[in-house]
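# Structural overview
Read off the chains here:
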Amino acid sequence: MKLNQNSIFYHCLLLSSSSVVLQLLGFGYRILLGRLAGAQAIAVYGLVMSAYNVVLSCTLTGVALSVSRIASSYQALGEGRSIIRLIRTALFLFLGLFCLLAVPFAFCRDFFAQKVLGNPETSAALLLIVPCLFLTGFENVHKAFFYGTGQTFPPTVSETLEMLCRIVGAFCLFSVFAAKSSTPLTDGQAAALIVCGMIFSEIVSATFLTTLYRFRRKKLTGRDGVCLPQVLRDIASVAVPVSLSTLLGRLISSANMILIPRILMRAGSGYDAAMTEFGVLSGMTMPMLMLPSAFLSPLITVLSPRFSAGKVLEDQAMIRRKTGKALHVVGLIGIPSMVILILTGSQLGEVLYHNPMVGNHIPMLSLITMTGFYYAVLECVLESTGLQKRCSVLTVLASLAGLCCTLILGGAFSLGIWGFLCGELLSSLIGCSMTAIWVKKYTQISFRIGNWIGRPLFASAVSGAFARLLLKTMGDLPIFPGLRVVFVISVFFFLYTICLRLLGTDFWKYIEETLLTQAKKDRNFR
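What comes next concerns the included structure. Please read these numbers as outputs of a predicted model, since none were measured by experiment.

Criteria and cut-off values
Residues numbered from 1 in each chain as written. Predicted model: local features only at pLDDT ≥ 70, side-chain atom pairs only at ≥ 80, totals over all residues. Heavy atoms only, no water. Helix = DSSP H or I, 4+ residues; strand = E, 2+ residues; numbered from the N terminus. Buried < 20%, exposed > 50% of the residue type's maximum accessible area, 1.4 Å probe, protein only. Contact = heavy atoms within 4.5 Å. Areas by Shrake-Rupley, 256 points an atom, 1.4 Å probe, with all protein chains shown as cover. Salt bridge = Lys/Arg side-chain N within 4 Å of Asp/Glu carboxyl O. Phe/Tyr/Trp six-rings, centres within 6.5 Å; stacked < 30°, edge-to-face > 60°. Expected span 1.5 Å × (residues − 1). Axes fitted to C-alpha atoms, helices over the stretch in contact; angles between N-to-C directions. Left-handed = near helix turned anticlockwise from the far one by under 90°. Nonpolar A, V, L, I, M, F, W, Y, C, P; charged D, E, K, R; others polar. Core = buried A, V, L, I, M, F, W, Y, C linked by side-chain atoms within 4.5 Å.

## A look at the overall build of the protein chain
- For the protein chain, the count of helices and strands is 17 helices and 0 strands.
- Taken over 526 residues, the protein chain has a buried fraction of 55%.
- A fraction of 83% describes how many contacts in the protein chain between residues 6 or more apart in sequence connect residues 24 or more apart.
- Carbon together with sulfur atoms contributes 67% to the accessible area of the protein chain, which is approximately 22600 Å² in total.

## Considerations on the environment of Glu202
- Locating Glu202 in the fold gives a position in helix α7 (residues 187-216).
- For Glu202, a relative accessible area of 3% puts it in the buried group.
- Sequence-distant contacts of Glu202, that is, excluding residues within four places in its chain, are made with Cys132, Leu135, Thr136, Glu139, Glu162 and Arg166.

## Notes on the pattern of salt bridges
- Taken as a whole, this structure holds 6 salt bridges when the rule is applied.
- A salt bridge links Arg85 to Asp224; its shortest N-O distance comes to 2.9 Å. Taken as a pair, Arg85 in helix α3 (residues 82-107) and Asp224 in the loop between α7 and α8 (228-266) lie far apart in primary sequence, 139 residues in all.
- Residue Lys143 pairs with Glu139 through a salt bridge whose shortest N-O separation is 3.0 Å. Of the two residues, Lys143 and Glu139 both sit in helix α5 (residues 123-148), 4 residues apart, roughly one turn of that helix.
- Several salt bridges share partner residues, and in doing so they unite Glu139, Lys143 and Glu159 into one network.

## Details of the packing of aromatic side chains
- All told, the structure shown has 11 aromatic pairs when counted by the stated rule.
- Judged by centre distance (5.1 Å) and plane angle (85 degrees), the ring pair of Phe492 and Phe493 falls under edge-to-face.
- The exposure class assigned to Phe492 is buried, which follows from its relative accessible area of 0%.
- Residue classification places Phe493 among the partly exposed positions, given a relative accessible area of 31%.
- Here the aromatic cluster, defined as three or more aromatic residues joined through ring pairs, consists of Phe94, Phe98, Phe134 and Phe138.

## A closer look at the side chain of Thr371
- Mapped onto the secondary structure, Thr371 falls in helix α12 (residues 362-384).
- Overall, the relative accessible area of 9% leaves Thr371 in the buried class.
- Filtering out sequence-adjacent residues up to four positions away, Thr371 remains in contact with Ser428, Leu429 and Cys432.

## Remarks on helix α6 (residues 153-180)
- Over its 28 residues, α6 runs 41 Å from end to end, which matches the ideal 40 Å to within 8%, given 1.5 Å per residue.
- Those residues of α6 lying buried are Pro154, Pro155, Thr156, Ser158, Thr160, Glu162, Met163, Cys165, Arg166, Gly169, Ala170 and Phe174.

## With respect to the packing of helix α11 (residues 316-353) against helix α14 (residues 417-443)
- With their axes 10 Å apart at the nearest point, α11 and α14 run at an angle of 145 degrees to one another. As for how α11 packs across α14, the hand of that crossing is left-handed. For the pair formed by α11 and α14, the contact residues are Gln316, Ile319, Arg320 and Thr323 on the first element and Val439, Tyr442 and Thr443 on the second.
- For the contact of α11 with α14, the class distribution of residues is 3 nonpolar, 3 polar and 1 charged.

## Brief notes about the nonpolar core
- Membership of the largest hydrophobic core comes to 118 residues, with the highest contact counts inside it found for Leu86, Ile87, Leu126 and Met288.
- Here Leu86 is in contact with Val67, Ile70, Ala71, Tyr74, Val231 and Ile235, once residues within four sequence places are set aside.
- If you look at the next biggest cluster of nonpolar residues, it comprises 9 residues, including Leu471, Met474, Val488 and Val491.

## Examining the packing of α3 against α8
- One way to put it is that α3 packs onto α8 with a least axis distance of 10 Å and a crossing angle of 65 degrees. In terms of crossing hand, the pair formed by α3 and α8 is right-handed. Of the residues in α8, those in contact with Arg85, Leu86, Thr89, Ala90 and Leu93 of α3 are Leu228, Val231, Leu232 and Ile235.
- Broken down by class, the residue content of the contact of α3 with α8 amounts to 7 nonpolar, 1 polar and 1 charged.

## A closer look at helix α15 (residues 449-473)
- Spanning 25 residues, α15 covers 35 Å between terminal C-alpha atoms, matching the ideal 36 Å at 1.5 Å per step.
- Within the span of α15, buried status applies to Asn451, Trp452, Pro456, Ala459, Ser460, Ser463, Gly464, Ala467, Leu470 and Leu471.
- Looking at the buried residues of α15, the elements they touch are α11, α12 and α16 (481-502).

Here is the structure:
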């Protein structure tokens, strides 16, 4: 039996493989930035990216997501040639929004740097994110075309090239400035150099995808019967609610990020100490905890257009089946990953970043991250099946609840970073629980809690207990810390698969059967 290249899980395997590579490259990139720029510069960069994400949600996020879902629907309905009009319209909409919102933002950057972000050092980097956003628009619209039409290979190549270019760009820029300048870079200058590296990578990625699209669009088949007004209505039906919810959500998220240094100072930390802890949390600890997303994010990316196609074809059984598989995979991969990071997070932080603060707060952050994984899958199901508005309202309400919790606990009660963590946990729990209720109601799925959560959790706990004992035993041995951590992680996952097998779940057999699904089960959704 050979691997079905038309199946959803073939694309997940391809995306997961590339995503693992991207995560490894991303780790290398984060380590490089941590050593070249330092934690405080990463904190300044984090503030800049908060502003960038808000502008991105206003100009691009909804448009790009609509392209992926609508392209999938057009292809399922035999309107393949109409996708060309869809891409052209999406690009014009992005350019109009860019001129309307992003360009004025560049002229008012000093105001945003001083009054909104509260850090004048962000001004130079804020100017540079505007051309970066322009390039990102062309990249993401064309990337959405490839995802929507089931062509996952070009985006994976593009993302890998982009990350490689970021690494090379950052290393070269910092090396050149270090050689020519006798004084160390300020945190603002370092953040600006990081954004310059991003611009270089976006040039490569946008050029690659735009050029490849011009060749691939000639191979589109089907009718060209969707008129421009209908295309605009289709884009608006997806882009408007998604853009509004994303904008509000990112505004609240950005407010949370801006508040972190301030609540840390209110809790008694100095400015430098607060910015350092913020940089470690946002630039080192969280990227490490997002390692499982190398396997889970591709699943969501591929599921979204397939759910849209299932909605158009009114195939409720397919939506229910793939929802169950997605939730099962989240438990099988996410739960053991969080457990092993709780056990080895401090050691990994020392090895990767040479910073003892990386291991702080990992248990709480692991719970937040795991809840977020389930929330992301459930939200994907709802948004792809026509419930975008409901998800949009939920996103805003959950984010507001988290922000209020941060303000009350972190600010009024001076709990510092714990107030922020409690707010994030509350937000993800509200989102996850409500989406689970709605998915169950609208898909009639039966949640198999014992199989999807209970077994992976029990197997992870048993394997984790042994791994902790092993790590403690090896602590005094003259072994390179990195090798010790790799060995413990390998033993943990070996024991985890054995425990799962004893509990009745053969991890590798499940993955194999999933990936080797017969083509006839998926061709109806293409």
